Amino acid sequence: MLTFVSIMKFLGIIPSRYGSTRFPGKPLVDIQGKSMIQRVYEQAQKTQVFSSVIVATDDQRIFDHVEAFGGQVKMTSPAHTCGTDRCIEVLELEGHNAYDVVVNIQGDEPVIDPQQLIQLCGAFDDVSTHIATLVKKTDSKDILTDPSKIKVVRALDGNALYFSRQAIPHSISSSSAAFYKHIGIYAFRAETLLKIKSLSPTPLEKSESLEQLRWLEHGLRIQTVETEIESISVDEPKDLDRVLTILNRR
């Protein structure tokens, strides 16, 4: 049972942009009668944890579509290079003290399980948690050798030690080390998210092209929360087949 609901205000933000190298316009693609962005929005609302769920976009087509299905949406700068920056702008528009925790929800996971979001928010029952993210244990060599699938090494207390596009720890034949796939959903205490805005780029971040390494290099702790639920992101049109399979099962 969640203990924080009555005393903390959670804001769910879904960054959504129209442009995509592999799948342009994917937030508006139709999936059994609903757009991808609407499906993500409705899954987030099912948690009943969020005081508000807001789509953050820089595209008028997405803005108009979200308004049409009754969702909350904010127009943000087209200059942002990542979803975190878009989340910061929305928090500033809403007011620094309006929410306690901000959750950055991936806009390309139309079948995201609400339990994953609830589990992530639960990390903030611990007052020492300032950033939290999800990980899933894996032994798949396809994942471990795919640089687009981010891997993470954890400390004994669950804090992230390092994120990489490579398989870490080094030896994938080790029987003593567990391997974790990173699931890119982040939650931040509001004051921590605003602090991130002022952090300068770092060498490890540039080397791996992973923004979370900037946070680690600047001394911020990232608590990892292990989930047993697999996530499915739609990176290109062929990924929709897996989504449709899940929807048909439901």
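This is a predicted model, so every value here is computed, not measured.

S.K.: Help me understand the overall build of the protein chain in this model?
M.R.: In terms of helices and strands, the protein chain carries nine helices and eleven strands. At 18 Å, the protein chain has a C-alpha radius of gyration in line with the 18 Å of a compact globule built from 250 residues. Across the 250 residues that make up the protein chain, the buried fraction comes to 50%. Partitioning the intrachain contacts of the protein chain with sequence separation of at least 6 by distance along the chain shows that 68% fall at a separation of at least 24. Only carbon and sulfur atoms are counted for the fraction: they give 48% of the accessible area of the protein chain, which is about 12,000 Å². Averaging the positions of the 28 positive and the 32 negative side-chain charges in the protein chain gives two centres separated by 2 Å.

S.K.: Can you help me understand the pattern of salt bridges in this one?
M.R.: Where charged atoms from two side chains of opposite charge approach closely, those side chains can pair. Under the defined criterion, the tally for this structure stands at ten salt bridges. For Asp 59, the salt bridge identified is with Arg 61, shortest N-O distance 2.8 Å. On the basis of relative accessible area, Asp 59 is assigned to the buried category, the value being 11%. A residue is classified by how much of its surface remains accessible, and Arg 61, at 46% relative accessible area, is partly exposed. Ionic pairing is found between Arg 214 and Glu 205, a salt bridge with its closest N-O pair at 2.7 Å.

S.K.: Mind showing me how you'd approach the side chain of Thr 84 here?
M.R.: Note that Thr 84 resides in helix H3 (residues 83-94). Leave out the neighbours within four places in its chain, and Thr 84 touches Asn 104, Phe 188, Leu 193, Ile 196, Glu 211 and Trp 215.

S.K.: Can you walk me through the pairing of strand E9 (residues 160-164) in this structure?
M.R.: Within a regular strand, side chains alternate between the sheet's two faces. In terms of strand pairing, strand E8 (residues 151-154) meets E9 through four bridges, oriented antiparallel. Looking across to E9, one finds that Arg 154 is bridged to Ala 160. What sits between E8 and E9 in their antiparallel hairpin is a turn of five residues, with Gly 158 showing a positive phi close to 95°.

The rules behind each value
Residues numbered from 1 in each chain as written. Predicted model: local features only at pLDDT ≥ 70, side-chain atom pairs only at ≥ 80, totals over all residues. Heavy atoms only, no water. Helix = DSSP H or I, 4+ residues; strand = E, 2+ residues; numbered from the N terminus. Rg over C-alpha atoms; globule rule 2.2 N^0.38 Å. Buried < 20%, exposed > 50% of the residue type's maximum accessible area, 1.4 Å probe, protein only. Contact = heavy atoms within 4.5 Å. Areas by Shrake-Rupley, 256 points an atom, 1.4 Å probe, with all protein chains shown as cover. Lys, Arg positive; Asp, Glu negative; His and termini not counted. Charge placed at Lys NZ, Arg CZ, Asp CG, Glu CD. Salt bridge = Lys/Arg side-chain N within 4 Å of Asp/Glu carboxyl O. Pairing = 2+ DSSP bridges.

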